[in-house]
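Commentary on secondary and tertiary structure
What follows is the residue order along each chain.
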Amino acid sequence: MSMVRRSSMDRMSSSMTSSMTGMGLGGITGLTSGMSTLSCMREQHVTIGGMPSNYVPGLSAYYNISSFCQRPGQPRRWAMQRAGPTAQHRPGRSHSMGCLHRMKYSSRNSPNTQYTHNLICKLADQNERRRRQDTLEMLPQSYYSQQPLKVELTEFYSRDNSREHHTEQYDLVNDNILPNPVLRRGQNFFFAVRFDRTFDKQQDMIRLVFCFGSKPSVTKGTRVVLPVNWSTQQGMYPHSREMIGIGTGMGIGSTVSSGLGMAMGMGMGMGMGMGLSRIQDNTTGTMGTMSSMGPMSGLRETNTYGARRGSFSNDPVPLQHSPLSPHGPMDRPMMDRYAGSTQHSSFGRPGYGSRHGSRHGSMQNLANLAHDMDRWDISIQRQDGNTITFQVHIPATAPVGVWNCWVQTNRFGQRDNRHDYKCDEDIYILFNPWCREDPVYMDNESFRREYVLNEQGKIWCGTWRQPKGRKWIYGQFDDCVLPACMYLLERSGLEHSERGNPVRVCRAISSMINANHDDDGLMVGRYDGEYKDGVAPHAWTGSVAILERYLTEGGRPVEYGQCWVFSGLVTTICRALGIPCRSVTNYVSAHDTNRTFTVDKFFDHDGNEVPNGPDEDCYDSCWNFHVWNDVWMQRPDLPQGYSGWQIIDSTPQEEAEAVYHCGPASVEAVRRGEVGFQYDTPFMYGQINSELCHFQEEENSEWGFIRMASNNYQVGRKILTKNPNRDDEEGESDMLEITHEYKTMDSSSPERWAVIASCRGYQRLQQYYEYPDRNYEDVYFELMDIDLVPYGQPFDCTMNIQNKSNEDRAIWCVLTASSCYYTGAIASRLRRAQGEFIVRAGQREVLKLHITPQEYMDKMVDHTMVKVHAMAYVKQTRQAWSDEDDFPLHKPRMQVQVRGQPSIGQECPVTFSFQNPLNVYLTDCYFTFEGNGVQRPRQIRFRDVKPGEFVTYQDKFISRRHGERRIVVTFWSRQLDEIFGTCMVNVRG
């Protein structure tokens, strides 16, 4: 009996040995995978090179003996959970429950159930001991004597990769302590790892695992596992279909072996491992090589494995190179960044070039490219001793945010014995307007420079007759901006898997800028002029100070801001994330609260406005100006023709889906009146197309009020943005009017009225918005425009009346001047005049209201705006007329002068000067000083300023970056604020 068993075992051993001799790695994997299926928990685990060895191959593979082999009184043993990015719990019904269930209810079950159970456990244990020795004899010593690779050093080549990804200006990339890679999706990047020994192509397994979010998931695209497969030629970027070589053979061999036993596992592993490793794409192509990377300095020790890179510089250092830099020069692969070209890039893959081969082959290659652009990919660029340089492709649909990278290493067939190494660097992945496959792709290079890369701009305020541009430092490349952006997206609740969709990301941004009620927004909005417990909106010079304060105060909303500040923040965040963005100002912007597409104002008999209407339920308003943002993207959720600029508004006015957010609404859909498209298109249409309706109390009216005629106060009167091709430091010549992009110029077009009528939904309402019969109107009224008025000077409000009839007319008039907020709300009444007088037939009359500085000086609020309202009523014909106008009082401009030629790292003096236009002292005086790459935001306390004094203040700055840089300065005090000045400087490197 013993001789027969030994003879059969010898034959089996001989067969297995011969199979292992020629089967390659796939057979070994099949063997070990078959072993890794069945374990008996009764015996103590014995490991072979870190792999549990108490497995039972052969026929026992049909039963999981370990699941029910349990001695009385012995606790059940469960598999130990792994640490690392792949650790997860898999609950479910155990095999022991199923077996005991079958034993309990089987018709052939004997009374000695416990004896039968113990017997099968005993027999299985005996069989396992016999097989274990055979297994140890068959495995070569070198197989289980070597430990997995250990990572000693990693290098993301942050600065080198940033040049190809257009992210070289980010401060995070240029950090001297730990540079973080800032990458754009749809492109490749290089990544190098130094191990403790040379990579063994036959035995070692390497995986790069990229994780995003708190719960990374492969199926949701927030966890990516990239197995490293060795190509037959170093430096070749394998087609993704080539990656079924050795790795695929192993996988198939392993799967088969675990199901059909050890022998078949070895045979299939050998066949698949050798056969599939030669399958490659028939297409051919060229591959560039990587240029030599810069030297690395400042290595630091870690608690993991050896030293890691702390910083590296582009400056040449003699005889000192990065440990991960190749010894010889390497040319960087050619990467087409789609800069105004319709030709697709090969991205370093063989067979992707569309400039060579037949037309059929070219079309096939383009199809392959489109397919592979949607997936992560990896190749070995080169191996230099223990150092391997990888090239990783980020798909154009990858979620945008902070990713982490793990390097996993193990021996083939020993996945449980694995090293997980987490890289210190946070990997920022951004949208890519240079990539044609990215929805935010913009094909105009000058537009990309302006709407993505420009760190400074102008936001338009003032009135539609007198627009006033305000310089703003966006500072999207500052080191605090990207972290703040990522934190805001986390607080928004947007799913990590949704953060590759610019529509969803922009909608989340619009909701997170403004803090409303109990939410966790970035900034608190305030419009009443009371800012003592915070910073006044006009005191900010840019976005960086706001975002940095938000981070340093633990996510507490910053106080205070208004719509133009919110718009500047949105521009900063969108450009930082790679979304083209511009700030847009709509003059005379309607806020329609009752969906009538009108802004209704009610006045009593004496011309006094009735707050909230006669029923106290009308909260319509008409802002002097309102600032929102346009973002550029494709809209696959809308019909063709509605992509391009999309409106998002971060200033909360109306809730949408129980949240204060607005957009993205297609600008083209708003222009065409396609109010059925999402998101919030009807609301945006109403802001620029509603009517301003004045109603006066009238005794003879059926409902108590009549509609009054108005001359020229038209909603959506002018829409402006900054001209991308011009900068004006002193004047307003760099404004670009884009009203035609938002609305048809003919406000009385049938299409417009059809849209408004359909949105109102109630035709019976039309009668209340119709003008009375104008056949009897024979008196002409006009409210005159007011020219430029310096702050501190008097002004006149003028109203012209012309009687065009042949009879005298008795006319009742009211003329009022008030200080107002830019939202249209009245702050204080400055002066009011009313009366009744006779205008002779064919005669003209002029009414004037004179306002002195003493009457308005202590009543002005933000933007120093004055609202003039005029009303008139003709008794003989019952003609009613009303009109209103707004204008700002102009304040002096600050002069900013820089002496000498600024250079990086050197002090440079700067002088601020202006004259106090008032005859009073200015107290609680402050300067705010900021310049992108020149000076971080800084607040300076200044002494009291005398009446009429010419103020001069000297300071200095140290430039951090070269090129053209803008300095923005503002001054404010308790009596005088919003004194601005800018200066452009050219910093030498």
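The shown structure was predicted, so the numbers you read here are calculated from the model rather than taken from an experiment.

1. What to know about the nonpolar core
By size, the foremost hydrophobic cluster in this structure holds 76 residues, and its most contacted members are Leu482, Ile509, Leu522, Met523, Trp564, Leu577 and Phe625. In terms of nonpolar packing, the next biggest core, distinct from the first, is built from 54 residues, Cys797, Phe942, Leu976 and Cys983 among them.

2. Looking at the pattern of salt bridges
Using the criterion set out here, one finds 48 salt bridges in the structure. The partner of Arg936 in a salt bridge is Asp479, and the shortest N-O contact between them spans 4.0 Å. One end of the pair, Arg936, is in strand E42 (residues 935–942); the other, Asp479, is in the loop between strand E18 (467–473) and helix H11 (481–492), with 457 residues separating them in the sequence. Residue Asp479 is classed as partly exposed on the basis of its relative accessible area of 36%.

3. Considering the pairing of E42
Here strand E41 (residues 925–931) runs beside E42; their pairing, made up of six bridges, is antiparallel. Its bridge partner lying in E42, Cys925 is registered against Phe942. Hairpin remark: E41 followed by E42, antiparallel, with three residues in the connecting loop; positive phi at Gly933, about 75°.

4. Observations regarding a nonpolar patch on the surface
Residues Tyr115, Leu119 and Leu123 make up a contiguous nonpolar surface patch of roughly 310 Å² in combined accessible area. Relative to the assigned elements, Leu123 resides in helix H4 (residues 113–138).

5. Remarks on the packing of aromatic side chains
Inspection of the entire model under this criterion finds 36 aromatic pairs. For the ring pair Phe927 and Tyr953, a centre distance of 5.4 Å and an interplane angle of 15° mean the geometry is stacked. Taken as a pair, Phe927 in strand E41 and Tyr953 in strand E43 (residues 950–958) lie far apart in primary sequence, 26 residues in all. Owing to a relative accessible area of 0%, Phe927 belongs among the buried residues under this scheme. Here the aromatic rings of Phe929 and Phe957 are separated by 6.5 Å at their centres, their planes lie at 70°, and the arrangement is edge-to-face. A residue pair is termed long-range when its members are at least 10 positions apart, and Phe929 in strand E41 and Phe957 in strand E43 qualify at 28 residues.

6. Concerning the packing of H11 against helix H13 (residues 544–552)
As a packed pair, H11 and H13 sit with axes 9 Å apart at the nearest point and diverge in direction by 60°. Between H11 and H13, the interaxial angle falls into the category oblique. The element H11 and its partner H13 pack so that their crossing is left-handed. The residues of H13 that touch H11, namely those facing Val481, Pro483, Ala484, Tyr487, Leu488 and Arg491, are Leu547, Tyr550 and Leu551. The residue inventory of the contact of H11 with H13, partitioned by class, reads eight nonpolar, no polar and one charged.

7. As for the confidence of the model for the protein
Close reading of the predicted structure is inappropriate where its pLDDT is low. Of all residues in the protein, 68% attain a pLDDT of 70 or more, and the chain-wide mean is 75. Long-range and interchain partners of residues 1–109, a stretch whose pLDDT sits below 50, account for 157 contacts in this model, where long-range means more than four residues apart. Per-residue pLDDT stays below 50 along residues 232–323; that stretch engages in 231 contacts with residues further than four places along the chain or on separate chains.

8. Things to note about the environment of Gly457
Looking at the secondary structure, you find Gly457 in strand E17 (residues 456–462). Among the residues examined, Gly457 registers a relative accessible area of 1% and is labelled buried. Sequence-wise, Gly457 and Thr721 are 264 residues apart; in three dimensions their C-alpha atoms are separated by 9.8 Å.

9. Quick notes on helix H12 (residues 502–512)
At 3.6 residues per turn, the α-helix brings residues three or four places apart onto the same side. Among the eleven residues in H12, ten count as buried, and that is most of the element. Between the side-chain oxygen at the start of H12 and the backbone nitrogen of Val503 there is a gap of 3.0 Å, and the oxygen is on Asn501.

10. Points about the sheet that holds strand E12 (residues 377–384)
Hydrogen bonds along the backbone pair up the strands of a sheet, which may run parallel or antiparallel. Spatial strand order, E3-E5-E13-E12: four strands in an open sheet with antiparallel pairing. The open sheet has two free edges, formed respectively by strand E3 (151–155) and E12, since each of these has just one partner strand. On average, adjacent strands in this sheet sit at an angle of 25° to one another, irrespective of strand direction. When E12 meets strand E13 (residues 387–393), the two strands line up antiparallel, connected through seven bridges. Pairing of Ser379 across the sheet is with Gln391, part of E13.

11. Description of the state of the cysteines
All told, the structure shown has zero disulfides when counted by the stated rule. Cys405 supplies the cysteine sulfur nearest to Cys423, a cysteine that is in no disulfide, at a spacing of 4.2 Å. Among the residues examined, Cys423 registers a relative accessible area of 0% and is labelled buried.

12. Regarding helix H16 (residues 681–689)
With eight of nine residues buried, H16 lies mostly within the body of the structure. For H16, every residue scored as buried is listed here: Thr681, Phe683, Met684, Tyr685, Gly686, Gln687, Ile688 and Asn689.

13. Remarks on unusual backbone geometry
For the bond running from Glu559 to Tyr560, omega is 5°, close enough to zero to count as cis. In this fold, Tyr560 is placed in strand E21 (residues 558–561). Tyr679 follows Gln678 through a cis peptide bond whose omega is 10°. Tracing the backbone shows Tyr679 in the loop between helix H15 (667–672) and H16.

14. Quick word on the environment of Gly607
Counting through the fold element by element, Gly607 comes out in the loop between strand E23 (598–603) and strand E24 (621–633). Between the C-alpha atom of Gly607 and that of Ala872, which follows or precedes it by 265 residues, the distance is 8.9 Å. With residues up to four places along the chain from it excluded, the contact list for Gly607 reads Trp812, Arg832 and Met871.

15. Some thoughts on the side chain of Asn803
Mapped onto the secondary structure, Asn803 falls in strand E33 (residues 795–803). Given a relative accessible area of 0%, Asn803 falls into the buried group. A polar contact of 2.8 Å, which involves the side chain of Asn803, links it to the backbone oxygen of Glu807. Dropping the residues within four chain positions of it, Asn803 is found in contact with Asp778, Val779, Asp808, Arg809, Val839, Arg840, Ala841, Gly842 and Gln843.

16. So, the pairing of E33
Here is the key point about a regular strand: its side chains alternate between the two faces of the sheet. The buried count for E33 comes to seven of nine residues, which makes it a mostly enclosed element. Where strand E31 (residues 779–783) meets E33, five bridges bridge the pair, whose relative direction is antiparallel. Looking across to E33, one finds that Phe781 is bridged to Ile801. Relative to strand E36 (residues 844–851), E33 runs antiparallel, the two sharing eight bridges. Its bridge partner lying in E36, Phe795 is registered against Ile851.

17. Points about the sheet that holds strand E19 (residues 514–515)
Taken together, the three strands give an open sheet; going across it, the order is E19-E20-E21, and neighbouring strands pair in parallel fashion. The open sheet has two edge strands with one neighbour each: E19 and E21. Sheet topology note: the E19/strand E20 (residues 523–525) ladder contains two bridges and is parallel. The partner of Asn514 across the bridge, within E20, is Met523. Packing of helix H14 (residues 563–577) onto the sheet brings it into contact with E19, E20 and E21, and relative to E20 it is tilted by some 155°.

The rules behind these values
Residues numbered from 1 in each chain as written. Predicted model: local features only at pLDDT ≥ 70, side-chain atom pairs only at ≥ 80, totals over all residues. Heavy atoms only, no water. Core = buried A, V, L, I, M, F, W, Y, C linked by side-chain atoms within 4.5 Å. Buried < 20%, exposed > 50% of the residue type's maximum accessible area, 1.4 Å probe, protein only. Salt bridge = Lys/Arg side-chain N within 4 Å of Asp/Glu carboxyl O. Helix = DSSP H or I, 4+ residues; strand = E, 2+ residues; numbered from the N terminus. Pairing = 2+ DSSP bridges. Patch = residues over 30% accessible without salt bridge, like charges linked within 9 Å, V, L, I, M, F, W, Y side chains within 5 Å. Areas by Shrake-Rupley, 256 points an atom, 1.4 Å probe, with all protein chains shown as cover. Phe/Tyr/Trp six-rings, centres within 6.5 Å; stacked < 30°, edge-to-face > 60°. Axes fitted to C-alpha atoms, helices over the stretch in contact; angles between N-to-C directions. Parallel < 35°, antiparallel > 145°, perpendicular 65-115°, else oblique. Left-handed = near helix turned anticlockwise from the far one by under 90°. Contact = heavy atoms within 4.5 Å. Nonpolar A, V, L, I, M, F, W, Y, C, P; charged D, E, K, R; others polar. pLDDT = per-residue confidence, 0-100. Polar contact = N/O pair within 3.5 Å; in protein donor to acceptor, adjacent residues only side chain to side chain. Disulfide = S-S within 2.5 Å.

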